[in-house]
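Tertiary structure, described
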Amino acid sequence: MVRYILRRLGQSALTVFLTVSAVFVLIRLAPGDPAASFAGPMATTEDLARVREQFGLDQPLPTQYLVFVRDMLTGNLGTSYSFQAPAFDVVIARLPYTTTLATSAILVTAFAAIPLGVWMARRADTRREAGVNVAGIAAQSMPEFWSGVMLLTVFAVLFPVLPASGFATWSGIVLPTITVALLQVALISRLVRREMGANLAAPYLVAARSRGVSERALTWRYAIPNSAIPVLTALGTRFAAMLNGVVVVEVVFAWPGVGSLVVRALETRDYPLIQATVLVTAGLAVLVQLLIDLAYPLLDPRVRIGKAVRR
Amino acid sequence: MTGATRPAANQPAAHTPGGRAARPSRVTAADLARSGAVRRGRAAAAKLWAGAVCTLLVVVPVALARVLPIPGPDEQHLDARRLPPLVDGHLFGTDQLGRDLLARVLNGGQVSLTIGLLAVVVSGIIGILAGAAAGYFGGWVDSVLSRLLEAQMSLPLLMMLLLVVALFGPSVPVITFVIAIAQWPEIARLTRSLVIVEREKPYVDAARVLGLGRVSVLVRHVLPNIVQRATLVVLLLLAQAVLLESALSYLGAGPERPFATWGRIISDGQDYVTTSWWLVTLPGLFIVLLVVGVNLIGDGLRDRSRRPKTPRTEAAA
Amino acid sequence: MSQHGPPGLSRRALLRLGGAAGAAAALGPLGACAGPTGAQSAGAMTLALNRSLVSLDNKLNQFDAAVTVQRAVRQALTRIGPDLTPEPVLADRFELTAPTEWTVRLRKGVHYSDGSPVLVRDVATALSMYKQVSGSFLASFFPEWPQVEEVDDRVFLLHTERPLPVLDYLMANILITPGDANEAAELPSGIGSGPYVVTAANRGTGTYTLERNDRYWGARRPAVPTVDVRFLPEESSRVVSLRGGEVDVIDTISPDSAEQLTGLPDIAMDSVPGTRINQLFYNFRKPDDHPLSDVRVREALTFAIDGRTLVDDVLVGSVTQADGVVSGALTGAVATGAYVHDPRKARGLLAAAGIGPGDLTLKLIWETGEFAGDTTVMEAVLQMLKDAGVGVTLQQFEPGGDIPQWRQGRGGDWDVIGNGFASPTGLALATVQGMFGGTAEKEKTRDTYQGYVVPEVTDILDRAYDETDPKARQELAAQAQHAVWRTWPCLWAFVPNSVLARRRRVRGLALEASNSYDLAATRLEG
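Remember, predicted model here, so these are calculated numbers, not experimental data.

In this section: the overall build of chain C. Counting its regular elements, chain C contains 15 helices and 22 strands. Considering chain C as a whole, with its 526 residues, one finds that 49% of them fall into the buried category. Sequence separation of at least 24 residues holds for 70% of the intrachain contacts in chain C that already meet a minimum separation of 6.

Structure, rendered in structure tokens:
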């Protein structure tokens, strides 16, 4: 068990390291001069040279990389050009907003999608279920930036009942959460329906039914627990992805999270900030994925860590 | 289409769907019509039809954009800025520069759809080849591919796409490539699992016994058997590609101006949400119509293939 | 759900209850304060800025709206007043007492928000810290850094090597902080002598909370007890937030947004001519035999531009066509001429210079967002030049892209650039120096403004800077501007207005030409 966790941690660390290295190489190949965007339009050639020297941009690429790795190992991710602050601190300052939005969105998704999916499975192939199904397809076909702007137009412009941007009060979280959850509910509820449908038709359930187990018990004691793993895995994966920044929704609602930070860091070619963001978010996502894997045996006694999962 | 699965209505003693000889049964035609399988079949057909209609409603006008009697997409009329829909012959109204919104949406659709199609073709080719190789050869090929897929799963995808667009510049080939890269894992994984099932079948052994090399078995026998199922998924990814492209455009990483893409039209229009609702709403509805259409088709096809396997002769229809 | 659970309450009902309770727990706190406009409270005013305020310091960056907030916390010896002339703040005397010597006296009783007095030593420290920081935006305006000589605990002298007659303007940008706490970097926190103190700051999100400084030295205490500063990068977000009442003031808005906000009962707009000038500037790095190196061609092309259409239709009256080489709002700016629309004359003059229709094709480049309505202006200019028989290609750059290299002539060949030039000093002479003071020396490192090197102009500018008599200096400054105009550096130029929108409950807000305002003078009503 411990060895398994250690090995997984090692793998995760490697993944994150490779990701960050890839980003390091990518952004240095990119056109556009970070020194110029840092120094501003008024900068003289002398200023640019000084800025390059200050941030080590005048060094050859391998040297820059070694310095970068050394700094990263010592926990120094450099100073963000545009924020004039340690890049890591900037990301950490933004992170709570993204985790708050991700948590709220995943909770809403879970509480809406699971009952909906169960209902759809039990009412499979009725007219009402077909209607909900089509509504789900529609919800899953809307680009998030469009549904976001539409919600914003209705609830912040036409009927100004909710804030349109940022996070000044808790009510500011409502519209972004709904925008994210709309798509996720559509996806997850259809997954729940599929899993439940498969379980409700499985031979063991037929056998249980023939023993006289009530329909209610069939659903709650047999089908739902057996559908739980894929559904919880999906929820976990979605959550991990959201921690990488709900980029589009954050931009639509001017949400001060990591996603909108990324867009800005790319625009200003803020190398340290891009690296720090990738490091923090990739690390977090990998960690959440690890936790999901470790949680399997708790949910399903058939899974033994280190045995069934690996091999 | 539905007729094929339904027994003739005026025959009280129902046929089984296969049309075998009638025998006495308590199951009436109405019962059959209400049964899950038939309902599913009918719903699947309805979905296919509705999906096709939605898709064509978008694709046909987009394809004919240059033929239709509408103004050019870049024709400016500064005295006719932000006209609401249906005013002065502008079906969708005009934008902030007095350009006809319908023309922009249709011409933008050409760019968006072209990128989507190209991306899907590229990712389809990469995904099917890589997935088939991994599934058929196994061993280190499989390990390398699986690690690659895992690595990509753990990456912050949109962030990486934005980064690559920033790197190589927002040109149409770059964006196509970027979307293809984002999508190939799904196809590769599916192809891999299909091939793993397929390679255990007797005909593969037979071909091997006949002296065919491993590569030619894969290319000439295995691939043709799975390519149809894989292509279906590839087509469904078209909707995702269009969504991804519009999201990139929205975030400012779309093809360079003067290309009007759906995402850019919406992001430009967002500056006017308080006064000109149509600038965002109508292009968005266009995207939704297309994606709903493609998704409905996909759903319908999946439902149909999931139907219980009764011995039916028309099943292949 | 009012009845009490019977003994045999089913699992399903239990789970349902649990689900409902969970949902309520998750959303409860949101519902509790989901009032229409939760952010607004009677005593707090919220400002939404278009750029992130990374600190309340200006050593590295300074954009217009930041000045408003920075000045509320930290102050300088002087400030640029509404009429763009220096006014005393921490100093009550700031005089040129010899050609290279200024005498400054600190105001009696000025102190920081912790009660400690403002010392002469703090001024000396501030100057040395601004000097040490690299990549500073302000450094380009200081030909040299003055030396501080303390006379007594309130009076000190500022010495320069050469005469620096505009030092009182320049010192308005040097913010004074307790010397021990000052560093050669942007200060993320710390105290100042201004009417507000910072009580909460988040650099990452650009959110700040300012509270009234109860120990403010000034006679007039600010009326608004709390000011919240937020960062909303998208213009549409700011417009919608202002309409919804989440924020009270947004600044630097485009003509299109202004159009969306006019006529709303709760919202008022303020507009003043700005200090910035936006130009379609010719490339002065062309070879001698290129048509653009011929001043007659540069002049001829200007007649092709219909400035009135651009101002009225494209930029919907939010700008003024330039009548000089810098914004007319600047101190010492003079009108030097006008851009006239006469396509026939354009053709005639071009023909006289040996250029027939179709002989010349120009490449226009600009960066997205360089000025409001940039794309539209460029597309309209394209059409106008075409009508005069001149071909045009457009190339647009995304922010953060390659345009700095192009601007320096290293990226590729171009003919006209859409470019804006800010004037933080409010002084025409300094702005002319910044744009047109290029020398052959500077051009070696490509540090001139689009390659503009005209010795006649630099001679006049040098004489103006050496002149200590204000009147004679102004005479020379005017001469320099006329000399620049005669070289026809721009295809067209305009001065954008500074536009600000606010909820009507915000009163006493006086927008200045510098696109900032005195936060302490504002008050909330209703």
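Looking now at the overall build of chain B. Looking only at helices and strands, one finds 10 helices and 0 strands in chain B. When the helices and strands of chain B are read in sequence order from the N terminus, they spell out α-α-α-α-α-α-α-α-α-α. Counting the 317 residues in chain B, one finds 45% classified as buried. Across chain B, the fraction of contacts at a sequence separation of at least 24, relative to all contacts at a separation of at least 6, is 69%.

Here the focus is the domain arrangement of chain C. Residue and element names in this part refer to chain C. The domains assigned to chain C are domain 1 (42–74 + 194–266 + 504–525), domain 2 (75–181) and domain 3 (277–496). Relative placement of domain 1 and domain 2: their C-alpha centres are 25 Å apart. The residue makeup of the side of domain 1 that touches domain 2, split by class, is 5 nonpolar, 7 polar and 6 charged.

Moving on: the packing of helix 14 (residues 455–466) of chain C against helix 15 (residues 470–486) of chain C. Residue and element names in this part refer to chain C. The geometry of helix 14 relative to helix 15 is characterised by a closest axis approach of 9 Å and an angle of 165° between their N-to-C directions. Overall, the two elements helix 14 and helix 15 adopt an arrangement that is roughly antiparallel. Between helix 14 and helix 15 lies a crossing of left-handed hand. Taking contact as the criterion, the partners of Glu456, Val457, Ile460, Leu461, Arg463 and Ala464 in helix 14 are, on helix 15, Arg473, Leu476, Ala477, Gln479, Ala480, Ala483 and Val484. Looking at the contact of helix 14 with helix 15, its residues break down into 9 nonpolar, 1 polar and 3 charged.

Interface size, as often reported, equals the accessible area lost upon joining of the parts. Taken together, the contacts link 36 residues of chain B with 37 residues of chain A. Looking at the side of chain B that touches chain A, the elements that each hand over two or more residues are helix 2 (36–63), helix 4 (139–154), helix 5 (157–168), helix 8 (214–250) and helix 10 (278–305) of chain B. If one sorts the elements of the side of chain B that touches chain A by residue count, helix 10 of chain B sits on top with 10 residues.

A few words on the environment of Val297 of chain C. All names here are of chain C. With respect to the secondary-structure elements, Val297 resides in helix 7 (residues 295–302). With 21 C-beta atoms packed within 10 Å, Val297 lands in the buried category. Counting along the chain gives 49 residues from Val297 to Ala346, while the straight-line C-alpha distance between them is 8.9 Å. Not counting residues within four places of it along the chain, the set of residues in contact with Val297 comprises Pro291, Leu292, Leu350, Ala353 and Ile355.

Turning to the nonpolar core, a few remarks are in order. If you look at the biggest cluster of nonpolar residues, it comprises 205 residues, and the most contacted ones within it are Val248 of chain A together with Leu162 and Leu251 of chain B. Dropping the residues within four chain positions of it, Leu251 of chain B is found in contact with Val247, Val248, Val251 and Val263 of chain A together with Leu162 of chain B. Core analysis: the next-biggest nonpolar cluster, separate from the first, contains 103 residues, Phe94, Phe284, Val319 and Phe494 of chain C among them.

Here the focus is unusual backbone geometry. Its identity is not glycine, yet Leu86 of chain B carries a phi of approximately 70°, on the positive side. A positive phi angle is found at Gln450 of chain C, which is not glycine, with a value near 55°. For Gln450 of chain C, the location among the structural elements is in the loop between helix 13 (440–444) and helix 14. Note on Gln450 of chain C: 21 C-beta atoms within 10 Å, which makes it buried.

Residues and elements named next belong to chain C. With 90% of its residues at a pLDDT of at least 70, chain C reaches an overall mean of 84. Low confidence marks residues 1–40, where pLDDT is under 50. Its contacts with residues over four positions away, or in another chain, come to 38 contacts. Note on the complex model: pTM 0.79, ipTM 0.82.

This part takes up the sheet that holds strand 6 (residues 101–106) of chain C. Residue and element names in this part refer to chain C. Within the open sheet, the 4 strands sit side by side as 5-6-8-7. Their pairing is antiparallel. Both edges of this open sheet fall to strand 5 (91–98) and strand 7 (147–150), since each of them pairs with a single strand only. The average angle at which neighbouring strand axes cross in this sheet is 25°, direction not considered. In this structure, strand 5 lies alongside strand 6, joined through 6 bridges in antiparallel fashion. Residue pairing for strand 6: Arg93 is matched across the bridge by Arg105. This element, helix 3 (residues 120–132), spans strand 6, strand 7 and strand 8 (155–159) of the sheet and lies at about 165° to strand 7.

Turning next to the UniProt feature "transmembrane region" (unreviewed entry) in chain B. Residue and element names in this part refer to chain B. If you check UniProt for "transmembrane region" (unreviewed entry), the listed places come out as residues 111–137, 157–182, 230–253 and 277–297 in our numbering. Taken end to end, residues 111–137 comprises 100% helix and 0% strand; its first and last C-alpha atoms sit 39 Å apart. Annotation note: span residues 157–182, helix share 88%, strand share 0%, distance between end C-alpha atoms 7 Å.

All names here are of chain C. Along strand 17 (residues 361–367), 5 of the 7 residues are buried, which leaves the element largely enclosed by surrounding structure. Where strand 17 lies against strand 18 (residues 391–397), 7 bridges are found, and the strand directions are parallel. By the bridge assignment for strand 18, Ile365 is matched with Gln395. In this region the chain leaves strand 17, passes through helix 10 (residues 374–387) and returns to the parallel neighbour strand 18; the handedness of that crossover is right-handed. When strand 17 meets strand 19 (residues 416–421), the two strands line up parallel, connected through 3 bridges. Bridge pairing links Trp366 to Gly418 in strand 19.

Residue and element names in this part refer to chain C. With 8 of 9 residues buried, helix 12 (residues 428–436) lies mostly within the body of the structure. All buried positions along helix 12 are accounted for by Ala428, Leu429, Ala430, Thr431, Val432, Gln433, Met435 and Phe436. Taken together, the buried residues of helix 12 touch strand 19, helix 14 and helix 15.

Bringing the pairing of strand 7 of chain C into the picture now. Note that strand 7 of chain C and strand 8 of chain C share 4 bridges and pair antiparallel. Looking at strand 8 of chain C, one finds that Glu150 of chain C is bridged to Phe156 of chain C.

The next thing to look at is the environment of Ser246 of chain B. Residue placement: Ser246 of chain B occurs in helix 8. According to the C-beta neighbour criterion, Ser246 of chain B is buried, with 30 such atoms within 10 Å. For the pair Ser246 of chain B and Gly284 of chain B, spaced 38 residues apart in the sequence, the C-alpha separation amounts to 9.9 Å. With near-sequence residues (within four places) excluded, Ser246 of chain B lies in contact with Pro143 of chain A together with Ser112, Thr261, Trp262, Gly263 and Ile287 of chain B.

Scoring rules and cut-offs
Residues numbered from 1 in each chain as written. Chains lettered and ligands numbered in written order. Predicted model: local features only at pLDDT ≥ 70, side-chain atom pairs only at ≥ 80, totals over all residues. Helix = DSSP H or I, 4+ residues; strand = E, 2+ residues; numbered from the N terminus. Buried ≥ 20, exposed ≤ 12 C-beta atoms within 10 Å, placed from the backbone. Contact = placed C-beta atoms within 7 Å. Domains from an automatic or database assignment. Nonpolar A, V, L, I, M, F, W, Y, C, P; charged D, E, K, R; others polar. Axes fitted to C-alpha atoms, helices over the stretch in contact; angles between N-to-C directions. Parallel < 35°, antiparallel > 145°, perpendicular 65-115°, else oblique. Left-handed = near helix turned anticlockwise from the far one by under 90°. Core = buried A, V, L, I, M, F, W, Y, C linked by C-beta atoms within 7 Å. pLDDT = per-residue confidence, 0-100. Pairing = 2+ DSSP bridges. UniProt positions renumbered as here; feature names shortened; annotations may be inferred. Right-handed = clockwise from strand over helix to strand, strands pointing away.

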